[in-house]
Amino acid sequence: MSTNDVLLHATQISRHYGDFIALHNVDLSVSRGEFVSVVGPNGAGKTTLVNVLTGLHQPTTGNVHFDGANIAGVGAVDLATRGLARAFQLTSIFPELTVRETIAVSACSYLNQRWNGFGHLFGSHKINDIVVRTADAFGLSPWLDTKGGSLPHGRRKLLDVASAFALHPKVMLLDEPTAGVSTADKHGVMETLLRAAKHMGIEAIMLVEHDMDLVSRYSTRIIAMQGGKKIADLPRDEFFANEEVVSIVVGKGAH
Ligand SMILES: Nc1ncnc2c1ncn2[C@@H]1O[C@H](COP(=O)(O)OP(=O)(O)OP(=O)(O)O)[C@@H](O)[C@H]1O
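The following paragraphs examine the structure supplied in this document. Note that this is a predicted model, so its numbers are computed, not measured. Each chain has its residues counted from 1, following the order in which its sequence is written. Where totals are concerned, whole chains, interfaces and linings use all residues; where local detail is concerned, this predicted model gives features only for residues with pLDDT of at least 70, and gives and counts side-chain atom pairs only at 80 or more.

So, about the sheet that holds strand E1 (residues 6-17). DSSP calls a pair of strands paired once it identifies at least 2 bridges connecting them. Put simply, DSSP H or I for four residues or longer makes a helix, DSSP E for two residues or longer makes a strand, and each gets a number counted from the N terminus. Pairing within the open sheet is antiparallel, and its four strands lie in the order E2-E1-E4-E5. Single-partner strands in this sheet number two, and they are strand E2 (20-31) and strand E5 (69-70).

Here it is as structure tokens:
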């Protein structure tokens, strides 16, 4: 893989909270075509890592480059418009918005327009087009006028991810996208999500996940964290062949 394929590249990133080091000198990169999972027991530093990568938190030390540019200090919204997005659970925040409105909020952000309620929805062909294409990619078209809060849980999770996909990111960061979804439905959610990612031109996915069944089924590479440090960064098969690392990840504290 050439260096031109690298989209997200972090060097020696740390995050301190007072004397506590939640993230310690982590290097990582994510390239085009990859599905990278971040795993580790509770408190390993996975969320802190994603918060730093997505601009929600500043690293205490280190640099993050996205698509060739240094993104240190760039906020989450600016970062999303540059092509690094994270599912942000809009349906939990705005359960009263319909599927159409929820996706339209992201479409406005992608098109750099200020959200102005229904006027935009019915007045802008561009927004409408994104709403229709995104809903279609996620199988949500029949529920365009249903409130997000009224959807069954699995479909609501899809709407969360769909609203992030409507930002048309190059790299999508997903934090347990099937949390709370039944075992029977979780692969359906993941497969819809992957189909939609392909359809919408998303170039790489990074997933924070506890469910090792999902991790082993969908990842191309796995990064394992423990105590704020990266303890492994391996292709899927090599990761699962490494019993020591797997036992740390699935050991006490994982769920
Ligand atoms: N704002 C904060 N202030 C102080 N400590 C924090 C803060 N945020 C996280 N931590 C600590 O940093 C460590 C890593 O937390 P983090 O949430 O990144 O772990 P995680 O791997 O995502 O865990 P989980 O799987 O339980 O979500 C934990 O010990 C946590 O208590």
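Running from N to C, helix H7 (residues 153-165) and helix H8 (residues 183-199) point in directions that differ by 20 degrees, and their axes come no closer than 10 Å. Taken together, H7 and H8 sit at an angle that is classed as roughly parallel. For the pair H7 and H8, the crossing hand works out as right-handed. On H8, the residues touching Gly154, Lys157, Leu158, Val161 and Phe165 of H7 are Asp185, Val189, Thr192, Leu193 and Ala196. Axes here mean lines fitted to C-alpha atoms, for a helix over just the part in contact, with angles spanning 0 to 180 degrees between N-to-C directions. To sort the angles, those under 35 degrees are grouped as roughly parallel, those over 145 as roughly antiparallel, those from 65 to 115 as roughly perpendicular, and the leftovers as oblique. Rotating anticlockwise by less than a right angle from the far helix to the near helix defines a left-handed crossing, while the corresponding clockwise rotation defines a right-handed one. Think of it this way: build a C-beta for each residue from its backbone, and any pair within 7 Å is a contact.

Moving on, we come to unusual backbone geometry. We note that Asn25 has phi near 45 degrees; this positive angle belongs to a residue other than glycine. On the secondary structure map, Asn25 appears in strand E2. Buried, partly exposed and exposed are defined by the number of other C-beta atoms within 10 Å of a residue's own C-beta, namely 20 or more, between the two limits, and 12 or fewer respectively, with C-beta atoms placed from the backbone. Overall, Asn25 belongs to the partly exposed group, with 14 C-beta atoms counted inside 10 Å. Residue Glu176 is not a glycine yet carries a positive backbone phi of 45 degrees.

This part takes up helix H4 (residues 99-110). Counted at 1.5 Å a residue, the expected span for H4 with its 12 residues is 16 Å, and the 17 Å between its end C-alpha atoms agrees. H4 sits mainly inside the fold: nine of its 12 residues count as buried. Within the sequence span of H4, burial applies to Val99, Arg100, Glu101, Thr102, Ile103, Ala104, Ser106, Ala107 and Cys108. Taken from the residues just after H4, Asn112 is the one with a positive phi, measuring 65 degrees. Each residue after the first adds 1.5 Å to the expected span of a helix.

By definition, a residue lies near a molecule or strand when the C-beta atom built from its backbone is within 6 Å of it. Around the ligand, a shell composed of Tyr17, Phe20, Ala22, Gly40, Asn42, Gly43, Ala44, Gly45, Lys46, Thr47 and Thr48 is seen. Going through the elements one at a time, E2 and helix H1 (46-53) are the ones with two or more residues in the shell around the ligand. If one sorts the elements of the shell around the ligand by residue count, H1 sits on top with three residues. For the shell around the ligand, the residue count by class is four nonpolar, six polar and one charged. Charged residues are taken to be Asp, Glu, Lys and Arg, nonpolar residues to be Ala, Val, Leu, Ile, Met, Phe, Trp, Tyr, Cys and Pro, and polar residues to be all remaining types, Gly included.

This brings us to the nonpolar core. By size, the foremost hydrophobic cluster in this structure holds 71 residues, and its most contacted members are Ala162, Val171, Met172, Ile205 and Met206. Element by element, the count of residues in this core is highest for H7, at six residues. Those domain boundaries reflect an automatic or database domain assignment. A domain-level breakdown of this core finds at least three residues from each of domain 1 (1-83 + 170-179 + 203-246) and domain 2 (88-168). Apart from the residues lying within four places of it in its own chain, the contact partners of Ala162 are Ile103, Thr134, Ala135, Phe138 and Leu140. One nonpolar core equals one set of buried Ala, Val, Leu, Ile, Met, Phe, Trp, Tyr and Cys residues connected by C-beta atoms within 7 Å.

Take Gln58: it is sitting in the loop between H1 and strand E4 (61-66). On the neighbour-count criterion, Gln58 (11 C-beta atoms within 10 Å) is exposed. C-alpha separation for the pair Gln58 and Val246, spaced 188 residues apart in sequence, amounts to 30 Å.

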